[in-house]
Amino acid sequence: QVQLVESGGGLVQAGDSLRLSCTTSGLTFSTYDMGWFRHAPGKENRFVAAIDWTGSSTYSRDSVKGRFTISRDNAKNTVYLQMSNLSPEDTPVYYCAARRRGANAYTYWGRGTQVTVSS
């Protein structure tokens, strides 16, 4: 059974930093691209950042470039999202997702971790 478990969310103030983690099991982690998405109530899931299965290529949405960094540790089956200079707009639930290399869609999703940024 494939599981993705996010952790590291919490309540912080604007300007603070957080590091989210997503630990996976039940899949061959090193053969999956990994992504982070966020979902605010009443809005669609929004792509935040992604890293390919080798760890050599990363992508992020423009609004988080320079503030968020995605990384992975294949030995620990874990992907990270280091977030800095947080603002209230970064508040929603963050989900990690796994996409088999070469596939078009993310197949597996975690249950999310809440990030709340107060102004």
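Below is a short write-up of the structure. As the structure is a computational prediction, the values presented were derived from the model and not from experiment.

This structure, assessed with the given rule, holds 5 aromatic pairs. Both rings, one in Tyr32 and one in Tyr108, keep their centres 6.2 Å apart while their planes meet at 55°; by these two values the pair is tilted. Of the two residues, Tyr32 is situated in strand β4 (residues 32-39) and Tyr108 in strand β10 (residues 108-109); the sequence distance between them amounts to 76 residues. A residue is classified by how much of its surface remains accessible, and Tyr32, at 4% relative accessible area, is buried. Its relative accessible area of 28% is what places Tyr108 among the partly exposed residues. Where Phe37 meets Tyr106, the ring centres are 5.2 Å apart and the plane angle is 80°; that geometry is what we call edge-to-face. Of the two residues, Phe37 sits in strand β4 while Tyr106 sits in the loop between β9 (93-100) and β10, which places them 69 residues apart along the sequence. Classification of Phe37 as buried rests on a relative accessible area of 10%.

What follows covers the pattern of salt bridges. Per the counting criterion, the structure on display carries 4 salt bridges. Residue Arg38 pairs with Asp90 through a salt bridge whose shortest N-O separation is 3.0 Å. Linking Arg38 in strand β4 with Asp90 in the loop between β8 (78-83) and β9, this pair joins segments that are 52 residues apart in sequence. When sorted by exposure, Arg38 lands in the same class as Asp90, which is buried. With its nearest N and O atoms 2.8 Å apart, the salt bridge here joins Asp90 to Arg67. Of this pair, Asp90 sits in the loop between β8 and β9 while Arg67 sits in the loop between β6 (58-60) and β7 (68-73), and the two are 23 residues apart along the sequence. Arg67 shares its class with Asp90; the two are buried. Ionic contacts of the salt-bridge type, sharing partners, join the residues Arg38, Arg67 and Asp90 into one network.

Attention now goes to the state of the cysteines. Throughout the structure, instances matching the rule amount to 1 disulfide. The disulfide partner of Cys22 is Cys96, and the S-S distance across this bridge is 1.9 Å. Across the S-S bond linking Cys22 and Cys96, the dihedral sits near 40°, which makes this disulfide right-handed. Taken as a pair, Cys22 in strand β3 (residues 18-25) and Cys96 in strand β9 lie far apart in primary sequence, 74 residues in all. The exposure classification of Cys22 matches that of Cys96, with both residues buried.

Turning next to the environment of Pro92. Relative to the elements of secondary structure, Pro92 occurs in the loop between β8 and β9. For Pro92, a relative accessible area of 9% gives the class buried. C-alpha separation for the pair Pro92 and Val115, spaced 23 residues apart in sequence, amounts to 5.8 Å. In contact with Pro92, other than residues within four places in its own chain, are Arg38, His39, Ala40, Thr113, Gln114 and Val115.

About the criteria used
Residues numbered from 1 in each chain as written. Predicted model: local features only at pLDDT ≥ 70, side-chain atom pairs only at ≥ 80, totals over all residues. Heavy atoms only, no water. Phe/Tyr/Trp six-rings, centres within 6.5 Å; stacked < 30°, edge-to-face > 60°. Helix = DSSP H or I, 4+ residues; strand = E, 2+ residues; numbered from the N terminus. Buried < 20%, exposed > 50% of the residue type's maximum accessible area, 1.4 Å probe, protein only. Salt bridge = Lys/Arg side-chain N within 4 Å of Asp/Glu carboxyl O. Disulfide = S-S within 2.5 Å. Contact = heavy atoms within 4.5 Å.

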